[in-house]
Amino acid sequence: MRILFLGDIVGRPGRSVLENNLRRIQDEEKIDFTIANGENSSGGFGMNKKGYDAMIMSGIDVFTMGNHTFDNKRIVDFIDDADIVRPLNLTMSAPGKGIRSYPLPDGRKITIINLLGRVYSHLNVDCPFKTMESVLKDHSLKEEILFVDIHADATSEKVCLGHFLDGRVSVVAGTHTHIQTADERILSRGTAYITDVGMTGAYDSSLGMDKEAAISRFTSVLGGKMVPALGERQINGIIVEINDQNKAISMHRIFQVYPEEI
């Protein structure tokens, strides 16, 4: 079973590069199921219905989210019925689901769990470690592929969660920083781990956003309006192969740069 996970999709540049290239990647890599982090897909902040529909059409099976899940308030109109997994450990009640299961071509199921980290976070969220302990009390999940997106700032928090869940889930993949890390590995008990999958969006940018506007945030009291950058686009992601025992047996990163579409 081969799973593709795409790093944070940022704005129209991120959506368009997937519309033009995702099906080819899936065919070349023999992908069985595709997950993407979509919390920045609408102008860099949140997700709207038009963008969601277009990305589903491009070949994404399900989206994970993060701290920008509800930045676009219209998401509440469709999140309950959409293939979206919002953070499970939100302290306050929220629309949508933080855990969802899907059938796979070989008859198994994959369960996707989205978590927010707490270190450096201004959000009021429950402990991701304790949240996962509660999830794993459901013994029926032991028969499924379990995929965890930990959306967090601190590398230490992500690494520790990976080791904490080693052998108990199939994949722990970090998102949020938009910078792909080079630490992908299979942990000792069979869990695939990476600290950050990276970003899908404008290549010559600051985390997918216009770099001059981003620089002005550091050099000017006023700052510039943050909008997705133009130009070349990149696709960041990981491909994980899972065996019949739901253990990861291989994984590799993808980092591909494409010219701007006309």
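That block above? That's the structure.
Draft legend 1. Main features of a nonpolar patch on the surface. Taken together, the side chains of Y203, F255 and V257 present a nonpolar region at the surface, about 280 Å² in accessible area. Tracing the chain through its elements places V257 in strand β14 (residues 248-258). Using a relative accessible area of 37% as the deciding quantity, one classes V257 as partly exposed.

Draft legend 2. Quick peek at the packing of aromatic side chains. One pass over the full model with this rule turns up six aromatic pairs. Relative to Y102, the ring of F33 lies with its centre 5.9 Å away and its plane at 45°, an arrangement referred to as tilted. Separated by 69 residues along the polypeptide, F33 in strand β3 (residues 33-37) and Y102 in strand β6 (residues 99-103) bring together distant segments of the chain. You can call Y102 buried: its relative accessible area is 11%. Taken together, a centroid distance of 5.2 Å and an interplanar angle of 70° make the contact between F129 and F164 edge-to-face. Taken together, the residues span a long stretch of sequence, with F129 in helix α3 (residues 128-135) and F164 in helix α4 (residues 155-165) at a distance of 35 residues. Since its relative accessible area comes to 22%, F129 is described here as partly exposed. Take F164: its relative accessible area is 27%, and that puts it in the partly exposed class. One aromatic cluster in this structure is built from Y52, F63 and F78. Seen from the ring of F164, R168 lies directly overhead, with NZ or CZ sitting 5.1 Å from the centre.

Draft legend 3. Up close: the sheet that holds β6. The sheet built from six strands is open, its strands ordered β6-β7-β8-β9-β11-β10 with mixed pairing. The two strands at the open ends of the sheet, each matched to only one other strand, are β6 and β10 (185-186). In this sheet, strand β11 (residues 192-194) lies alongside β10 in antiparallel orientation, the contact comprising two bridges. Bridge pairing links I186 to A192 in β11. Against the sheet, α3 engages β6, β7 (109-116) and β8 (145-151), with an angle of about 155° to β7.

Draft legend 4. Geometry of unusual backbone geometry. Despite not being glycine, H178 has its phi angle at roughly 70°, a positive value. By the secondary structure assignment, H178 is in the loop between β9 (171-175) and β10. On the accessibility criterion, H178 (8% relative accessible area) is buried. The backbone of L207 shows a phi angle near 60°, a positive value even though the residue is not glycine. Tracing the backbone through its elements, the reader meets L207 in the loop between β12 (199-202) and α5 (211-219).

Draft legend 5. A look at α4. Among all positions of α4, only E157, K158, L161, G162 and L165 are buried. End-on, the buried residues of α4 take up no more than an arc of 135°, which puts them together on one face. Where the residues of α4 are buried, they touch β7, α3, β8, β9 and β11. With its phi angle positive at about 85°, G167 sits one or two positions after the end of α4.

Rules of the game
Residues numbered from 1 in each chain as written. Predicted model: local features only at pLDDT ≥ 70, side-chain atom pairs only at ≥ 80, totals over all residues. Heavy atoms only, no water. Patch = residues over 30% accessible without salt bridge, like charges linked within 9 Å, V, L, I, M, F, W, Y side chains within 5 Å. Areas by Shrake-Rupley, 256 points an atom, 1.4 Å probe, with all protein chains shown as cover. Salt bridge = Lys/Arg side-chain N within 4 Å of Asp/Glu carboxyl O. Helix = DSSP H or I, 4+ residues; strand = E, 2+ residues; numbered from the N terminus. Buried < 20%, exposed > 50% of the residue type's maximum accessible area, 1.4 Å probe, protein only. Phe/Tyr/Trp six-rings, centres within 6.5 Å; stacked < 30°, edge-to-face > 60°. Lys NZ or Arg CZ within 6 Å of the ring centre and 35° of its normal. Pairing = 2+ DSSP bridges. Contact = heavy atoms within 4.5 Å. Axes fitted to C-alpha atoms, helices over the stretch in contact; angles between N-to-C directions. Arc of directions from axis to C-beta.

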